[in-house]
2 protein chains.
Amino acid sequence: MENLCADSGFKSTTDGYFATRRSIRKYADKEVDTSLIEEILSLAAKAPTCGNMQLYSVVVTRDSQRKKELAALHFNQPATGAPVLLTICADFARFTRWCRLRDADAAYDNFLSFTSAFADAMILAQQITTLAELRGLGTCYLGTVIYNAPETARLLKLPRMVMPVACLSVGYPAEEGVETERLPLRAWVHDEEYRADSDEEILDLYKTKEEYPANLGYPAENGKANLAQVFAEVRYPRAMNEEFSRKLLEWLDF
Amino acid sequence: MENLCADSGFKSTTDGYFATRRSIRKYADKEVDTSLIEEILSLAAKAPTCGNMQLYSVVVTRDSQRKKELAALHFNQPATGAPVLLTICADFARFTRWCRLRDADAAYDNFLSFTSAFADAMILAQQITTLAELRGLGTCYLGTVIYNAPETARLLKLPRMVMPVACLSVGYPAEEGVETERLPLRAWVHDEEYRADSDEEILDLYKTKEEYPANLGYPAENGKANLAQVFAEVRYPRAMNEEFSRKLLEWLDF
């Protein structure tokens, strides 16, 4: 926060933060105070939430043995080496228990309610990210939490109707992080109606990505003809998507 | 942003913002410059995104006729009177088109990929919210966008694999907004494992909510015995949840 009011060339130093933030995957060997985590979580709870129901829970992992077990469920990604892992869950279980204890006919074990809780949990996750990063902490989302949601639920003793949807690693940065490119605004912003781009326009929108220096080596490294094939056939391939989808839908049982 | 470095009693003025933010449902009759919206969207795009795939799209609605049609799909909630509505979509369609144009075997029409895009879209939505509010704009999430996702998709010409998951109203505030209570931190933060609360503990966690002055009148107003029944049987009732769930799952066809 100390740099918040320094001269940075941006309209404000918070804009400077938003414009330059990077995910951090390597962390200093330094604990993050519990009081700091609690301060961040308290502030984050003021983020919008569906009907003020707060359809989320956060499990804080610091214990080294448990972290090891959790890391395995994240395919041991480097960011799991952080001092703190926050598993952020879509949670309609707590609210449902309250309703039932008050003789209310709660019916939240369905897909619509799941989407409400999912949205709530992600809003919270991003608010935590911003608050932590503004304090000089580094964070990284581990999207893998959804791949192994059933196993994560078992490890963290999550009851039914509590699904982990985001995991954030949190710690003091031991790297600068990598700057990544973004698509031009016109690729994803549509005026009044979703624009029907031609094939040429789609390829043009992804030109920056294909030509971004850090991306140039990936096709050859992965034995593929181009970057799109690296994404679709190596990083996020059909077999993996379809297998994990089946597993998740079976587990959620809407 | 002008207040960003003023003395507010908080550790920093951004903390002051995070601690006191409120959703805004009434807006001044004043346009929001396109350049301001674009500035916010550009900065928001630096938020984390799954594998840097940017699995989202935003449709900007300003046209008064279309706004009226969109408002109807949001059950004409007051916030739909805002000068700008941003419909934020989980979008794997654009990425899939790029992959296919590059002869890559893209398989993203499944539940796992949907959750990745959903998460991406919500992270973006919350980053937009924070950036807009830090600029003095008021915002409100319209969660109803998911209830009528198929109809919204038709209105905004969203192709298959583009699902609206958040709608934000944006404009200059014409009200202060309502301060809402939050559960105590221990209600939703769990240390190492999800805590198995007793019935008494659950009721204790919801005490603040039940006793919050603004909530006291709701049971009588709605002919219910308590606040939980207002939520479960009036605001978010079984028939509605189950009907919209069926509609959505049929439409998504995982």
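Residues numbered from 1 in each chain as written. Chains lettered and ligands numbered in written order. Predicted model: local features only at pLDDT ≥ 70, side-chain atom pairs only at ≥ 80, totals over all residues. Heavy atoms only, no water.

**Overview of the interface of chain A and chain B**
Phase 1 of the analysis: Every contact between the two is made by 115 residues of chain A and, on the other side, 115 residues of chain B.
Phase 2 of the analysis: Interface area for chain A against chain B, summed over the two sides, is near 10,900 Å², with a carbon-plus-sulfur share of 61%.
Phase 3 of the analysis: On the chain A side of the interface with chain B, the three residues burying the most area are W98(A), W188(A) and Y194(A), jointly 8% of the side's total.
Phase 4 of the analysis: Linking chain A with chain B are 14 salt bridges, by the criterion used here.
Phase 5 of the analysis: Measuring nitrogen to oxygen at the nearest pair gives 2.6 Å for the salt bridge that ties D15(A) to R135(B).
Phase 6 of the analysis: Summed over the shared surface of chain A and chain B, the number is 77 residue pairs in polar contact (both at pLDDT 80 or more).
Phase 7 of the analysis: Considering each element in turn, the side of chain A that touches chain B owes the most residues, 16 residues, to helix α5 (residues 111-134) of chain A.
Phase 8 of the analysis: Taken together, the residues that form the side of chain A that touches chain B break down as 61 nonpolar, 24 polar and 30 charged. (Contact = heavy atoms within 4.5 Å. Buried area = accessible area lost by both parts, 1.4 Å probe. Salt bridge = Lys/Arg side-chain N within 4 Å of Asp/Glu carboxyl O. Polar contact = N/O pair within 3.5 Å; in protein donor to acceptor, adjacent residues only side chain to side chain. Helix = DSSP H or I, 4+ residues; strand = E, 2+ residues; numbered from the N terminus. Nonpolar A, V, L, I, M, F, W, Y, C, P; charged D, E, K, R; others polar.)

**Some details on the relation of the copies chain A and chain B**
Phase 1 of the analysis: Each copy superposes on the other: chain A lies on chain B with an RMSD of 0.0 Å after a rotation of 180° and an axial shift of 0.0 Å. A rotation of that kind, with that shift, is consistent with a two-fold axis.
Phase 2 of the analysis: Looking at the interface residues of chain A, 100% of them are also at the interface in chain B, so both copies use one shared face. (Least-squares fit on C-alpha atoms with pLDDT ≥ 70 in both.)

**Comments concerning the pattern of salt bridges**
Phase 1 of the analysis: Overall, the coordinates contain 38 salt bridges over all chains when judged by the stated rule.
Phase 2 of the analysis: Between E151(A) and K247(A) there is a salt bridge whose closest N-O contact spans 3.1 Å. In this pair, E151(A) sits in helix α7 (residues 149-155) while K247(A) sits in helix α13 (residues 238-252), placing the two residues 96 residues apart along the sequence.
Phase 3 of the analysis: Judged by its relative accessible area of 24%, K247(A) falls in the partly exposed class.
Phase 4 of the analysis: Salt-bridge contacts for E193(B) lead to K157(A); the nearest nitrogen and oxygen are separated by 2.9 Å. Residue E193(B) is found in the loop between β5 (189-191) and α8 (199-205), and its partner K157(A) is found in the loop between α7 and β4 (162-171); the two belong to separate chains.
Phase 5 of the analysis: Each of R66(A), K157(A), E192(B) and E193(B) takes part in one network of salt bridges that share partners. (Buried < 20%, exposed > 50% of the residue type's maximum accessible area, 1.4 Å probe, protein only.)

**Concerning the sheet that holds β4(A)**
Phase 1 of the analysis: Overall, mixed pairing links the 5 strands, which are arranged β3(A)-β4(A)-β2(A)-β1(A)-β5(B) in an open sheet. Across the chains shown, the open sheet's two edge strands, defined by having one partner strand only, are β3 (138-141) of chain A together with β5 of chain B. Taken over all neighbouring pairs, the strand axes of this sheet differ in orientation by 25° on average, direction set aside.
Phase 2 of the analysis: The sheet contact formed by strand β1 (residues 56-61) of chain A and strand β2 (residues 84-91) of chain A spans 6 bridges and is antiparallel. Note that in β2(A) the partner of S57(A) across the bridge is C89(A). (Pairing = 2+ DSSP bridges. Axes fitted to C-alpha atoms, helices over the stretch in contact; angles between N-to-C directions.)

**Structural notes on the sheet that holds strand β3 (residues 138-141) of chain B**
Phase 1 of the analysis: The 5 strands lie next to each other as β5(A)-β1(B)-β2(B)-β4(B)-β3(B), forming an open sheet whose pairing is mixed. Strands with a single pairing partner mark the edges of an open sheet, and in this sheet they are β5 (189-191) of chain A together with β3 of chain B. The sheet shows a mean angle of 25° between the axes of neighbouring strands, taken without regard to direction.
Phase 2 of the analysis: Note that β5(A) and strand β1 (residues 56-61) of chain B share 3 bridges and pair parallel. In the sheet register, D191(A) faces β1(B), and the bridge partner there is V60(B).

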